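# Observations on the three-dimensional arrangement
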Protein chains: 2
Amino acid sequence: MKATAKAHTNIALIKYWGKRDESLILPMNNSLSLTLDGFYTETTVAFNHDLTEDIFYLDHEQISGEQFTKVSTFLDLIRSYANRPGLFAEVRSINAVPTAAGFASSASGFAALAAAATRALDLSIDDRTLSRLTRRGSGSACRSIYGGFVEWEKGSKDDGSDSFAVPVAPQKHWDVRVAAVVLSSDKKKVSSRVGMKRTVETSLFYTSWVDNIPTDLKNIKSAIQDRDFERMGEIAEANCQKMHATTLGATPPFTYWHDTTLTVMQTVQALRTNGIPAYFTIDAGPNVKVLYQPENEEVIQETLRKIPGVTNVIVSRSGQGVTYQ
Amino acid sequence: MKATAKAHTNIALIKYWGKRDESLILPMNNSLSLTLDGFYTETTVAFNHDLTEDIFYLDHEQISGEQFTKVSTFLDLIRSYANRPGLFAEVRSINAVPTAAGFASSASGFAALAAAATRALDLSIDDRTLSRLTRRGSGSACRSIYGGFVEWEKGSKDDGSDSFAVPVAPQKHWDVRVAAVVLSSDKKKVSSRVGMKRTVETSLFYTSWVDNIPTDLKNIKSAIQDRDFERMGEIAEANCQKMHATTLGATPPFTYWHDTTLTVMQTVQALRTNGIPAYFTIDAGPNVKVLYQPENEEVIQETLRKIPGVTNVIVSRSGQGVTYQ
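Residues numbered from 1 in each chain as written. Chains lettered and ligands numbered in written order. Predicted model: local features only at pLDDT ≥ 70, side-chain atom pairs only at ≥ 80, totals over all residues. Heavy atoms only, no water.

Chain A appears in an unreviewed UniProt entry as diphosphomevalonate decarboxylase from Virgibacillus phasianinus. In its Sequence similarities (unreviewed entry) section, the UniProt record describing chain A reads: "Belongs to the diphosphomevalonate decarboxylase family." (UniProt positions renumbered as here; feature names shortened; annotations may be inferred.)

### Let's talk about the overall build of chain A
A tally of helices and strands in chain A yields eight helices and 14 strands. Taken over C-alpha atoms, the radius of gyration comes to 19 Å for chain A, in line with the 20 Å a tight globule of 325 residues would show. For chain A, the C-alpha atoms occupy an extent of roughly 65 × 40 × 40 Å along the three principal directions. Counting over 325 residues, chain A shows a buried share of 59%. In chain A, of all internal contacts separated by at least 6 residues, the share reaching a separation of at least 24 is 76%. Per element, the accessible surface of chain A, about 13200 Å² overall, is 45% carbon and sulfur. Charge-centre separation for chain A: the mean point of 35 positive side chains lies 2 Å from the mean point of 36 negative side chains. (Helix = DSSP H or I, 4+ residues; strand = E, 2+ residues; numbered from the N terminus. Rg over C-alpha atoms; globule rule 2.2 N^0.38 Å. Buried < 20%, exposed > 50% of the residue type's maximum accessible area, 1.4 Å probe, protein only. Contact = heavy atoms within 4.5 Å. Areas by Shrake-Rupley, 256 points an atom, 1.4 Å probe, with all protein chains shown as cover. Lys, Arg positive; Asp, Glu negative; His and termini not counted. Charge placed at Lys NZ, Arg CZ, Asp CG, Glu CD.)

### A short note on the relation of the copies chain B and chain A
Placing chain B over chain A gives an RMSD of 0.0 Å and needs a rotation angle of 180°, together with 0.0 Å of translation along the axis. This pairing of chains is accounted for by a two-fold axis. In this assembly, 95% of the residues forming the interface of chain B have copies in chain A that are likewise at the interface, indicating an isologous arrangement. (Least-squares fit on C-alpha atoms with pLDDT ≥ 70 in both.)

### Things to note about the packing of aromatic side chains
Aromatic ring pairs are reported here in terms of the distance separating the ring centres and the angle at which the planes meet. Residues and elements named next belong to chain B. For the structure on display, the rule yields 15 aromatic pairs over all chains. Taking the centre distance of 5.5 Å and the plane angle of 70° together, the rings of Phe74 and Phe110 count as edge-to-face. Placement of Phe74 in helix α1 (residues 65–82) and of Phe110 in helix α2 (residues 105–120) is noted, with a sequence separation of 36 residues between them. The class of Phe74 is buried, set by a relative accessible area of 3%. The class for Phe110 is buried, based on a relative accessible area of 9%. Measuring from ring centre to ring centre gives 5.5 Å for Phe254 and Tyr256, while their planes differ by 85°; the resulting arrangement is edge-to-face. (Phe/Tyr/Trp six-rings, centres within 6.5 Å; stacked < 30°, edge-to-face > 60°.)

### A few points about helix α5 (residues 206–225) of chain A
Side chains three or four residues apart in an α-helix point the same way, a direct result of the helix having 3.6 residues per turn. All names here are of chain A. An ideal rise of 1.5 Å per residue puts 28 Å on 20 residues; α5 measures up with 29 Å between its terminal C-alpha atoms. The largest bend in α5 comes to about 35°, at Asn212, with the proline Pro214 one to four residues further on. Every buried residue of α5 is listed here: Tyr206, Ser208, Trp209, Asn212, Ile213, Asp216, Leu217, Ile220, Ala223 and Ile224. The positive-phi residue at the C-terminal boundary of α5 is Arg227, with phi of around 50°. (Expected span 1.5 Å × (residues − 1). Bend = angle between axes of the 7 residues up to and from the residue.)

### Topic: the interface of chain B and chain A
If you look at the interface, chain B gives 21 residues, while chain A gives 20 residues. With both chains or domains summed, chain B and chain A bury close to 1900 Å², and 72% of this area falls on carbon and sulfur atoms. Contact with chain A buries area across many residues of chain B, yet B:Leu204, B:Phe205 and B:Leu248 alone supply 29% of it, more than any other trio. Counting the contacts that link chain B with chain A gives zero salt bridges. (Buried area = accessible area lost by both parts, 1.4 Å probe. Salt bridge = Lys/Arg side-chain N within 4 Å of Asp/Glu carboxyl O.)

### Comments concerning the pairing of strand β5 (residues 55–58) of chain B
Residues and elements named next belong to chain B. Judged by which residues are buried, β5 turns out to be covered on both faces: Ile55 and Tyr57 on one side and Phe56 and Leu58 on the other are all buried. For β5 and strand β6 (residues 61–62), the ladder comprises two bridges, and the chain directions are antiparallel. Each residue of the ladder has a partner; that of Leu58, found in β6, is Glu61. Connecting β5 to the next strand, β6, in antiparallel fashion are two residues, including Asp59 with a positive phi near 50°. (Pairing = 2+ DSSP bridges.)

### Re the packing of helix α7 (residues 259–273) of chain A against helix α7 (residues 259–273) of chain B
Closest axis-to-axis distance for the α7(A)/α7(B) pair is 7 Å, and the angle between their directions is 160°. Between α7(A) and α7(B), the crossing angle belongs to the class labelled roughly antiparallel. In this structure, α7(A) crosses over α7(B), and the sense of that crossing is right-handed. Residue-level contacts link A:Asp259, A:Leu262 and A:Thr263 of α7(A) to B:Asp259, B:Leu262 and B:Thr263 of α7(B). In terms of residue class, the contact of α7(A) with α7(B) is built from two nonpolar, two polar and two charged. (Axes fitted to C-alpha atoms, helices over the stretch in contact; angles between N-to-C directions. Parallel < 35°, antiparallel > 145°, perpendicular 65-115°, else oblique. Left-handed = near helix turned anticlockwise from the far one by under 90°. Nonpolar A, V, L, I, M, F, W, Y, C, P; charged D, E, K, R; others polar.)

Laid out in structure tokens, this is it:
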């Protein structure tokens, strides 16, 4: 009745941007990510007949409030799936995802929680089912079940039974690096959830965004298969800019970018002009992630660290999927 | 055979973004602008039978090369219209449009040139015809024929005969101010002409941009009629963000924004949060123009001048149309 699992976060190269069902967390479009070895959550779930409610410790501290409710609500889903009502658990998580890096710790967090909880209950489920369950905790978490390059298939069914992630290329397929460029910025003003919703409901450009996804996906999967770094980077960088364009077409318009975001974007483009292949991608916040190849690690780090307004640069490699202890 | 005319530049609140005919300068969408009193060109055209070619002085300096060719080619158009082939002119222009302010001096420049040249030839033409002729020199110049708020009707004919500007509200209708915020930036990398063309030909979002223009125009004209500053500002600010979104959807994507552009945008939005109605608009470059009302002139200027990276703030009022000496 006890199990420990570790899961890594992931960075989307083709962005998940917009839900078609808020409560089941069903996306409007397929997305594609790279799992990152630098950022992970390790979680132990111990079900116990003596407990009268769930208990959640994050980094050795007991958590209540909204964060606890999310975990407990997710365990309800697992209990329901396993047909074990009333069986509560103690959950202990260690987060190795610096919040300030602008990565959603919810991705590694819910992937590790789902894996540990299902293993603790000895459920024999395949990765797709695990991914599908994980999705209900946090959308992008469903991609963290696998290592390497991963696609989240949006599915078409109303019940979400065909909305889960599948592997595209394993961790060892290709040594691509990602530098997380951390900015000295305020907390973002529009959350991803609110930003997505406003974009889906009001953006002039949202339909075009959705319609274009199959093209971007087909092209990036072919670039990944061919290990064509420049082609992959170009598609990812363009896809992220299209995502951010949709927010400028919303009512009211908004942007996640800050001044230094622009500086980092332009620095990356200047690196390319100087013969260093590097490409940026930006999620629903001001921080920038830079894709590069191992041979350029030094120049990339050095260049990014020098930018005024950049407080940290954290590098990561292609990571593995869920593992159990 | 000699006349002097003065014309002011203008700032588009609904942007001209994309040509349907490059050589006749026919736009894909209607646009709407405010003529500005702070920036103008004064031009004297003297036709002379003794001249064997045109001569062009700008700010007392004789001009050759591309700039001269543009002026002379425009005079060819006027000669052709007037049926006066082989009648050359001496053109003397004084530009009171600081290049660094990010205003196209071509708008006031071609409006003044068209007005002076047609007056020098004693052509009796109405404002619409003058606007139509001016358009061939520089698209947005056709709006500078009139003062106050002006709409450029794109027209639908292939020969451009129905593509000219018309007045929406005269200069005295409403005292709206514009602060041109000048940034310490490099020269822009993508010209308006090239940026428009790339956007029209490749942007995922361009069709949506064009389709939305009638709505934005209808709403802003109603706000101008009602002198509803906040409504006008909201529409203008949103329209400019939609225009800039189209460049992010182009192949390859690009942006005219710099780091300080973002800072100014966010400063303007923070002013609103603090109860000061102010709205930004941005053309095809990094500089920002801020719309405000006379009672807030001091706080606007003070706030904008304090932003690091801002080198100058130049304020302007609603200006008049073409005048003759």
